[in-house]
Amino acid sequence: MIKGPCQIWFFVSFNALFATGSLIFLLSAMAFGYMYMFPTYSPVINSFGISESNVSIDVSNGTCNVFNGSWIHDESYPLYDASRCPFAERGFNCLANGRKDGRYAEWRWKPNNCDIPRFNAQAILEKLRGKRVVFVGDSLSRTQWESLICMLMTGVEDKRSVYEVNGHKITKQIRFLGVRFSSFNFSIDFYRSVFLVQPGPVPRRAPKRVKTVLRLDKMDSISKEWIDSDVLIFNSGHWWTRTKLFEMGCYFQVGNSLKLGMPLTTAFGKALDTWASWVETMVNSNRTSVFIRTFESSHWSGKNRNSCKVTQHPSSRTRGRDRSPISDSIIKVVKKMTVPVTLLHVTPMGAFRSDAHVGTWNDNPSVPDCSHWCLPGVPDTWNEILLSFLLSKNGVLLQ
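Parameters and conventions
- Residues numbered from 1 in each chain as written.
- Predicted model: local features only at pLDDT ≥ 70, side-chain atom pairs only at ≥ 80, totals over all residues.
- Heavy atoms only, no water.
- Axes fitted to C-alpha atoms, helices over the stretch in contact; angles between N-to-C directions.
- Helix = DSSP H or I, 4+ residues; strand = E, 2+ residues; numbered from the N terminus.
- Left-handed = near helix turned anticlockwise from the far one by under 90°.
- Contact = heavy atoms within 4.5 Å.
- Nonpolar A, V, L, I, M, F, W, Y, C, P; charged D, E, K, R; others polar.
- Salt bridge = Lys/Arg side-chain N within 4 Å of Asp/Glu carboxyl O.
- Buried < 20%, exposed > 50% of the residue type's maximum accessible area, 1.4 Å probe, protein only.
- Disulfide = S-S within 2.5 Å.

(A) Geometry of the packing of helix H4 (residues 264–282) against helix H5 (residues 325–336). Viewed as axis vectors pointing N to C, H4 and H5 meet at an angle of 35 degrees, and their least axial separation amounts to 10 Å. Between H4 and H5 lies a crossing of right-handed hand. Between H4, through Thr265, Phe268, Leu272, Asp273, Trp275, Ala276 and Glu280, and H5, the contact on the second element is made entirely by Pro325, Ile326, Ser329, Ile330, Val333, Val334 and Lys336. Residue composition of the contact of H4 with H5, by class: nine nonpolar, two polar and three charged.

Pasting the structure below:
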């Protein structure tokens, strides 16, 4: 590294060709040095992308790392109007809640070495005929569930033929929500299971600070309702925090043993092992395509990560949000599984989308939100990728 000013002396004894060559060499060295020092800089303001991931998808007649790509501005997006979709929660409809700039919904994910098939609602509706799709997880899973329903409804002529099976309004309090596409004889269901494993009562002789436990070696009691499905999509992670567990008096239990000192990452890993074992033993892999989504990047900032500032455009740098211990644990467990499970590694692509969170444009503006996403928005991309897997030559929908 050069610490002092660089001085170049031109002597008349040097011929002009040598002097010009030296100058070109110096400028080239400076350019390469700048690229080395600032590798994430990109002069293209309409493209924000990543280049590292180890997940592949078979599309476009070849193997493609679909999570290695860029966000490209595309005015043909969004894919639907949330205000015309009765299954999109008002809290996620940022435009209806006062956001003026709709550009955040006009970004398309473009893999570097292939193309995600353009969404065709009619074609997907036909492929899903007679099927059952099940989402399991937390509110981010519910957002993806709502997104897929709204995407598909654009291809349905009689909107009244799409309905929630129990007449429920879409809300976060209900553990089961099921939407039926009666004209196509298929359903898309959501089960709220934020930990995937079973909450339980306080064991006898437990310390007073223990109010409830998570049985890390037992699946959620409603898991039996997920088995009869053709497509099964899981997520978990946002509730595995000190504030939502220890500070609420919730601790871990394995067998009959209370694990008061068990770290969160260890507990999450054990819960994932329980989930993996359940998938391997309970799910018919000849029928059901199983997916699990990695941690969805959030954009909280500040010393205590309690500040939420939604940007107008995607970020040009990930600032470390492209990695997550939660995602690392999920990837580690999936790699060891003995049955096919497709990893939707959305963490890196979401790291750029500081512009797409709900922020203050929700149903409670006094509580900013830099975890959830606006609809339409980023969850639509998750579904485009999900559908591209299902439509690939190995996808269950082609069988």
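This is not the end of the story, as more comes after the structure.
(B) Up close: the pattern of salt bridges. Applying the stated rule across the entire model yields 15 salt bridges. Residues arginine 132 and aspartate 189 are paired through a salt bridge, measuring 2.9 Å at the closest nitrogen-oxygen approach. Taken together, the residues arginine 132 in strand E6 (residues 132–137) and aspartate 189 in strand E9 (residues 186–192) connect sequence positions 57 residues apart. Residue class for arginine 132 comes out buried when judged on its relative accessible area of 14%. For aspartate 189, a relative accessible area of 5% translates into the label buried. A salt bridge links arginine 287 to aspartate 228; its shortest N-O distance comes to 2.5 Å. One end of the pair, arginine 287, is in the loop between H4 and strand E15 (289–293); the other, aspartate 228, is in the loop between strand E11 (212–219) and strand E12 (231–234), with 59 residues separating them in the sequence. Residue arginine 287 is classed as partly exposed on the basis of its relative accessible area of 30%. Judged by relative accessible area, aspartate 228 falls into the partly exposed class, the value being 47%.

(C) Structural detail: the state of the cysteines. All told, the structure shown has three disulfides when counted by the stated rule. Disulfide pairing places cysteine 94 opposite cysteine 374 at an S-S distance of 2.0 Å. Measuring handedness by torsion sign, the sulfur bridge of cysteine 94 and cysteine 374 sits at about -90 degrees and is left-handed. With a gap of 280 residues between them, cysteine 94 in the loop between strand E4 (69–73) and strand E5 (107–111) and cysteine 374 in the loop between strand E20 (369–373) and helix H7 (378–390) connect regions that are remote in the sequence. An identical accessibility class is assigned to cysteine 94 and cysteine 374; each is buried. With its sulfur 2.2 Å from that of its partner, cysteine 308 forms a disulfide with cysteine 370. Here the disulfide of cysteine 308 and cysteine 370 is right-handed, its torsion about the S-S bond being about 80 degrees. In this pair, cysteine 308 is assigned in strand E17 (residues 307–308) and cysteine 370 in strand E20, connecting sequence segments 62 residues apart. Both residues of the pair, cysteine 308 and cysteine 370, count as buried.

That's the geometry; what it means functionally is another story.
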